[in-house]
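Observations on the three-dimensional arrangement
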Amino acid sequence: MAWAEDGYSRAIRWLKLALPLAALGLLSTVFMLSESNEASLEIPYSNIELDDEGLVERIVEPSFAGATERGDLITFTAQSARPEGEGVGVITASDVRGQLDLRSGGDITFRADSATLDQPAGTARMRGGVVVTSSAGYEARTEGLIAYLDDTRLESDSRIDGQGPMGTFTAGRMVVSATPEGAGTGEDVQLLFTDGVKLVYRPGSD
């Protein structure tokens, strides 16, 4: 009887030691599994960024290329872009660069802080720090510019400050468009400045 009591006491003491250890082991296993699950979630969401609007999917370094109806080539690149709305035809891009390669061999380049490319509408609306440079020697700065994706045409919607072969100038509006066929100007495109043009002539310029 004494032997049975001693065995019972030893079993109780062993359980008092073993059960806490087993509990600690289970807790550590749960903790390790929790850490493992959190790490694995980073992979599917590696292309998701968190901003003021919550989780937003972004496209890194996107590019767009096309041709106008008359055969001039137009390209856009950006630092990043994201879709707008539920459709796939409208995106908002940041740090945008563009180039219009004319069939005559000249080109017009432009850059902006941001742009909204609307393929169904055939437009790219650029905003913030827009700079337009022509291979003919003109550079214009504005805060808003519309480029047409299927037509050789650029339009500003705000004040223009620029410089060219004849000097510096300001204007209320600028339109870059293809020269009408048969115009006989010898130029492939024309830059038209309107709405209060002021030119400061630079002596010695061509």
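Residues numbered from 1 in each chain as written. Predicted model: local features only at pLDDT ≥ 70, side-chain atom pairs only at ≥ 80, totals over all residues. Heavy atoms only, no water.

**Notes on the pairing of strand E10 (residues 139-148)**
In this sheet, E10 lies alongside strand E9 (residues 123-134) in antiparallel orientation, the contact comprising nine bridges. Looking at the pairing, threonine 133 lines up with glutamate 139 of E10. Remark: four residues form the turn of the hairpin made by E9 and E10, two consecutive strands paired antiparallel; glycine 137 in that turn has positive phi of roughly 105°. Relative to strand E12 (residues 160-164), E10 is paired through three bridges, and the arrangement is antiparallel. Bridge pairing in E12 links glutamate 139 to glutamine 163. As defined by bridge partners, E10 adjoins strand E11 (residues 153-156) across three bridges and the pair is classed as antiparallel. For isoleucine 146, the partnering residue across the bridge sits in E11 and is glutamate 155. (Pairing = 2+ DSSP bridges. Helix = DSSP H or I, 4+ residues; strand = E, 2+ residues; numbered from the N terminus.)

**Quick notes on unusual backbone geometry**
Backbone geometry at aspartate 95 places phi at a positive 50°, although glycine is not the residue there. Within the secondary structure, aspartate 95 sits in strand E7 (residues 90-101). Look at aspartate 195: it is not a glycine, yet its phi comes out positive at around 60°. In this structure, aspartate 195 sits in the loop between strand E15 (189-194) and strand E16 (198-201).

**Comments concerning empty space enclosed by the protein**
As enumerated under the stated definition, the model contains one cavity of 30 Å³ or more in all. Taken as a whole, the largest cavity holds about 40 Å³ of empty space. Lining the largest cavity are Ile108, Val132, Thr133, Ser134, Tyr138, Glu139, Ala140, Met174, Val176, Leu191 and Phe193. Those elements giving two or more residues to the lining of the largest cavity turn out to be E9, E10, strand E14 (173-178) and E15. Split into classes, the residues belonging to the lining of the largest cavity amount to eight nonpolar, two polar and one charged. (1 Å grid on protein atoms, 1.4 Å probe; cavity = no way out; pocket = protein on both sides within 12 Å on 5 of 7 lines; lining within 4 Å. Points joined across faces, edges and corners; volume = space filled by probe spheres on them. Nonpolar A, V, L, I, M, F, W, Y, C, P; charged D, E, K, R; others polar.)

**Topic: a nonpolar patch on the surface**
On the surface, Met166, Leu199 and Tyr201 cluster together into a nonpolar patch covering about 310 Å² of accessible area. Turning to its location among the elements, methionine 166 is positioned in the loop between E12 and strand E13 (167-171). (Patch = residues over 30% accessible without salt bridge, like charges linked within 9 Å, V, L, I, M, F, W, Y side chains within 5 Å. Areas by Shrake-Rupley, 256 points an atom, 1.4 Å probe, with all protein chains shown as cover. Salt bridge = Lys/Arg side-chain N within 4 Å of Asp/Glu carboxyl O.)

**As for the nonpolar core**
Counting 30 residues, the largest nonpolar core has Phe76 and Phe110 as the members making the most contacts within it. Where this core is concerned, the elements lending two or more residues are strand E5 (73-77), E7, strand E8 (107-118), E9, E10, E13, E14 and E15. It is E8 that provides the largest number of residues to this core, a total of five residues. Other than its neighbours up to four places away in sequence, phenylalanine 110 contacts Ile74, Phe76, Val96, Arg97, Gly98, Gln99, Leu100, Met126, Val131, Val132, Leu145 and Leu154. (Core = buried A, V, L, I, M, F, W, Y, C linked by side-chain atoms within 4.5 Å. Buried < 20%, exposed > 50% of the residue type's maximum accessible area, 1.4 Å probe, protein only. Contact = heavy atoms within 4.5 Å.)

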